Structures are given as C-alpha cells and as structure tokens.
Amino acid sequence: MDENNQEILVSLDSEFGLHARPAALLAREAQKFSSDIWLGFDGREVDAKSILDILTLAAPNGSTLRILARGSDAQDAVRHIRRLIMGRFEEKG
Amino acid sequence: MAKEILKGIPVSAGIAIGKTYYLNRGENTSTIRMDIDKGHVPEEKNRLREAFSLALNDLEKIRKKIPRELKEQAAIIDSHIMLLKDRKFQNAAGDYIRKDMINAEWALEKAVSDIEKAFSRIEDEYIRERIQDVRLVADRVRSQLHGSPADPGTFTQRMILLAPDLSPADTIELQLDKIMAFATISGGKTSHAGIIARSLQIPAIVGVEGLNELRHGQFVILDGFNGKIIVEPGEDELAHYTELKYQFEEYQSQVNRNCHLPAETIDGYKIQVFANIELFEEVAAVIDNGGEGIGLYRTEYSFLNRDDLPTEEELFEEYRDLASIIYPHKLVIRTLDLGADKIASQFGPIREANPALGLRAIRFCRRHPGLFKMQLRAILRASAAGNISIMFPMISGMQELLEVKKMYHSVRSELKAGKVDFDPTMPMGIMVELPSAVLVADLLAREVDFFSIGTNDLIQYSLGIDRTNKHVSYLYQPLHPAILRSIKHVVDAGHEAGIEVSLCGEVASDPYCVPILMGMQIDSISLNPQAIPGIKRIVRQATMDECKELLKRVLESKDVQESNRLVREMIFTRFPEELMFYTSLIEE
C-alpha cells in the first residue's frame, strides 16, 4: 500500500452510533483534505465528505468502520479521521 | 370529566393550564405530486436551490443567536447546517426533478423517503430515530419552497406549545417567555425538547400519543409530573390541578426565597453548600441560588473549542477575575481533568482502548509537564486574591501525590525566585475518586489540606461500569453499600487527620442522598447551582439525630435494595413535598 492510497479499520465507540452530530464532525474533518475519502461499513462504501452519505451508512455503536483515502494527503486524512473516531467525537464545538 | 386524557413521558416537572398553540411546519404545506414539462426542469431545480440556500441562511442566523451554555443545541444545529450544505442531499432531490419530471416539493419528499428507507433497516432504536434530523431539515426547505416559512415567533398570550417535534432551532426562534409548557409527539427522555424545558424550568411531556388530534386554542391541563394532557378538563379536574399548580409554585418560590439562609439543621449542625461550575458566566447563578462559594471550578472549557492551547496569561486573567467576582467566598480550582482523547490534536495520535482507564486527569498532566506547570503558574499567580484553593483530580495513591506536590512546589519556588506574587497559604487538596485512594485515604490525608469526594467517578470505578454505557447504567447505584462505606471511610480518615472533607458529585444534589451525607458529618457539598435552594431546604428541615440514625441503619444494609428502601421511607415520612416535586438517582 503506497502513501497515497491508505486503508485502515477502526471500531466505532460512540454511544448512539453515527448519528447527526458525529456524522457532521466526521464530514467536516474529511472536507479538510484534498484526498478522496470513503467510509465503509457492512459491505458498503460512502463518501466521507458527505454527512448525508455517512448518515445513510447508519453505523451503530461497536461497528467496525473502514476508512479509505486516495490522494496526496491520504495518510494524514486517515490519521485525523481515526483520531476523531477513537476520541469518541469529543471534539467540542 | 375531561373530554380526553393523552399520555406521554414526563421530562420536566410542573403544571400548566391554558390554551394550546399547535406548531406544525408541515400543516399548510401538504406536499402533492405535480408533473412538469421537460422545459420547466431548470426552473424547478432553481426553486430547489433557492429554498436550500434560504433555509441555510435562516439556520445560520439562528446558530449565531445560541448562547454558550446551550452547547449541545449548537452541535445539533451545526449538523443540520452541514446537511443543508451537503450537495448530495440537494442533488438527490434535483435528480428526481430531472428523472421523474416532478415538482421540487415531491422530489424532496422522495429524497427524504430514500434516506428513511436506509434508516428503517437499522436495529438500533436511537440511531433509527435520528432520521428526525433529516426530516427537520427537509421541513425547513419545504416551507421555503412554499414561500411561507412557518413563523412560530409571535404569540399574543402565553400558550402551551404542541408540536410533532421541536428542533433546537425551533426552540431558539420561539419567544420562550410566551410558552408555559411543551408537549411533543416524538421523543424520549433524551430529546431536545426535554433538555430545553428543564433548563428553562417549564413543564414538558414528550412521546404523547394522539397529540396530532388536538387543535389550536384548545383548553388543556399539562401535567409534567405524571406525563398527562387533560383535554377540556371538567370542573373537578380543574380545581385539583389548580391547587397542585399553586402548591408547586408556592413551594418553588418559598424554596427560592429562603435559598440565602444557611444550610443548618434544626439542632444546629451546619453544612456548607458550594456550587460546581464550568463557565465563567455561571457565577451569577451561584450567587442567585444561594451558593456559598465555588466548590469545583472545572478548568477544561478553556482548553477545548480551539485549535491552540490557552496562554498562561489568559488562564491567569480568567482565574483572577473569577476569584475577585466571588470574593470573599472561596473558589476551588481543579487542575485540568481531561483525557488524552479530548485534546488529542495538540498531543499526537492516541490509541487507547479504554480512555476512562487511560491517560487522563493528573496522569495526562504529568505526561505533559510543560502544560501542567503553565496551569499551576496561572493558578498560583491568581491566588494572590486570597480566596483560591487548588485541587488535583484522580490521585491514585501516595507516590503519585508526592510527585505532583513536588512539581507544584517547584513552580512555587520559581515564582518566588522571580518575585511573583502568590498566596503561600493557598489550600491544596485532592479529589478522592479512585477506590485505591479511598483505601489509603488515611495516608493521603496527612499530605493535603482537604479532600473532595468525586462520586460520579468513584461509583464508576468502584462498580466497574462505564456510566455512559446504557447496557450497564442500571448498575450506577449511589446507595450501594460499597459506595456508602467508601464515602464514610474517606470522611472519617479526613477528620482523623484534621482536614475538611467535601463531596462534589451528583449525589450532592440528590435529596435522597443528602441526609446520609449529613449523618456522616461531611463538611461541605458542592452541586449544580440550580439544585442548591432545594437541597438547602432539606437540610434546614432535618435534624442531625435523624440523619445519624438513618446512616446507621443504611450502613447495616446488606444490599442496595435495602438501602434504597430505608432512604425512601425516611424521605416519604419526613419530606413528602420533596418526594412530590423532585427527581432522584435512586431507582424505585
């Protein structure tokens, strides 16, 4: 796997799953990167920059999510998104 | 007899009697399907785009009006704004206009219905219900499409507001002073409406079946104690509820009127009642509610909500200003109590399977001495005011405490060498919230000026439960014999060493728990400002003898059911009013 093509798994630890607030935080984080980013769950992959896509993924607490990124800042992108998910979306604001 | 009685879930106590105002954004905007010509597709798409952008403008305006204390609501509105900005949402509807050659309203409906389908497959009930967020956003766009956005903002007289659901944006737009109660069809205990109603102290019921049958202007009684709406009540019901409403209001005003009196039992035992606060702006609430100082100032807020770290100067000014406003009362500042997970951005990626058992509070500070010493300098400099105490969270044992003290003293020496002013007698204490600290409390007590027992964490760590995990939250039992014995042990150990012991967890604001704490002769309690008047009132009506007797019996309990029963009996007999108007952590 090269630097511009990243894929990791992370488990979702957010009491009520990927509902509107965490989905919004996740999409906002993804939008900061120029890479294309996808979020995978349950055999489906959606655009991680779209809150609507993330919501339709409907991932409950405890899900294993797949983060894929392709582009020049792919490594940073997956790292940041993983940190957000592992930090239980506690980035206030 | 009433015409009808509707039932729901009570989420905020109180009684309201009056006319209804039925708020329904969809009411005059029933959506119908209209086929359009191919030539009209761009025009229809424009309407859609325009409606999205107007709805977005609206919501952004509302977002700006949200006060800081409603952080939770702001986050939800932010997610609604993200939804409106999401091109996919608009494009999904736009595609339907083009493909099916239909009007924008119907296309929007179809796009929402696709999302609903995706959501309906979800097993988890909470997340399935979050389709509400998409619906609320779609409602805003729909009312823009109709060119007549619902305007719930103008009432001429105070009303009981009924609605299918209340979004955070709705509640901010509404003239809240004109609303005497809420009722909604959807929602559970965690719904927005409930949170807002409780913070405004107005009665509210959610999850009311059959609410949509009601109309504007109907005369009802809303019972926020039992979760009932009595439609067109009979004379007997009206008389009963008018009396209950009067009693409750009388009770509340009496409680508030006497909140500045000391918390002293009939037989002369005094307990100090302080406030827990997080925001500077809460100081007014401390004073208004009869708080005798600030027993816990959570310093985390200044470290969140930002990309960089606060400077020492910023923190110093914050602490100094707070101390001078509350002077001559005391201000206990707790050093940073955050997990690595919360301010990860400045400190590199963190991988912790169990953040609650990981690098947090004092452990995090010790790992980042630069940051910790910066906060210590700010607190010490502010201490020159003379009314500040410092408190370290999550101390696990002797070695850790001695190392923290060493850091603290080295900062003091530096300031002294630099001829910087500070209070050399500033009291220094620790939070006792880990079972290990409880067991060595006698040793720790010799090293500090005071203890403050943090029951929220103590319960979590003693019973081994994550209290935010709904599968085990039923085990969160403040009256578990292990918890009561732990608290008693810490109080005794502290008194043995001649230091004061305080308690600052939620238990301190629970009317069922306070008599037991008094029986232990705890020196002070610290609680959220709004709960202070009621708790002071209970103390003022109790005697130390009965509190000691209750404590003795409860400590002999073999299990939590027995403790709960004993406490409920006492409260039932001695404080029936409290039982009627209060909620407790203690399960039935």
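Everything that follows concerns the structure shown earlier in this document.
Note that the structure is a prediction, hence the values are computed from the model and not measured.

Thresholds, definitions, all that
- Residues numbered from 1 in each chain as written.
- Chains lettered and ligands numbered in written order.
- Predicted model: local features only at pLDDT ≥ 70, side-chain atom pairs only at ≥ 80, totals over all residues.
- Heavy atoms only, no water.
- Axes fitted to C-alpha atoms, helices over the stretch in contact; angles between N-to-C directions.
- Helix = DSSP H or I, 4+ residues; strand = E, 2+ residues; numbered from the N terminus.
- Parallel < 35°, antiparallel > 145°, perpendicular 65-115°, else oblique.
- Left-handed = near helix turned anticlockwise from the far one by under 90°.
- Contact = heavy atoms within 4.5 Å.
- Nonpolar A, V, L, I, M, F, W, Y, C, P; charged D, E, K, R; others polar.
- Buried < 20%, exposed > 50% of the residue type's maximum accessible area, 1.4 Å probe, protein only.
- Pairing = 2+ DSSP bridges.

Caption draft 1: Examining the packing of helix H13 (residues 369–382) of chain B against helix H14 (residues 398–417) of chain B more closely. All names here are of chain B. Contact geometry of H13 with H14 gives a least axis separation of 10 Å together with a crossing angle of 60°. Here H13 lies oblique to H14, going by the angle between them. The crossing of H13 and H14 is right-handed. For the pair H13 and H14, contact is made by Pro-369, Phe-372, Lys-373, Leu-376, Arg-377, Leu-380 and Arg-381 and by Val-404, Met-407, Tyr-408, Ser-410, Val-411, Arg-412, Glu-414 and Leu-415, respectively. Residue composition of the contact of H13 with H14, grouped by class: 9 nonpolar, 1 polar and 5 charged.

Caption draft 2: Region of interest: the side chain of Glu318(B). Residues and elements named next belong to chain B. Looking at where Glu-318 falls in the secondary structure, it is placed in helix H11 (residues 312–326). Residue classification places Glu-318 among the buried residues on the basis of a relative accessible area of 16%. Setting aside anything within four residues of it in sequence, one finds Glu-318 in contact with Phe-280, Tyr-297 and Ser-302.

Caption draft 3: Broad picture of unusual backbone geometry. With an omega of 5°, the peptide bond between Tyr327(B) and Pro328(B) qualifies as cis. By secondary structure assignment, the location of Pro328(B) is in the loop between H11 and strand S11 (330–334). In this structure, Ala58(A) takes a positive phi of about 50° despite not being glycine. When you line up the elements, Ala58(A) lands in the loop between helix H2 (51–57) and strand S4 (64–70). Judged by its relative accessible area of 7%, Ala58(A) is buried. Unlike most non-glycine residues, Lys419(B) shows phi in positive territory, near 55°. Tracing the chain through its elements places Lys419(B) in the loop between H14 and strand S13 (428–432). Classification of Lys419(B) by relative accessible area gives exposed; the value is 76%.

Caption draft 4: Looking closely at the sheet that holds strand S10 (residues 293–298) of chain B. Residues and elements named next belong to chain B. Pairing is parallel in the closed barrel, where 8 strands are placed in the order S9-S10-S11-S12-S13-S14-S15-S16. Sheet twist, expressed as the average angle between the axes of neighbouring strands with direction ignored, equals 25°. Taken together, the 4 bridges between strand S14 (residues 450–453) and strand S15 (residues 500–503) define a ladder with parallel strand orientation. What sits directly across from Ser-452, in S15, is Ser-502.

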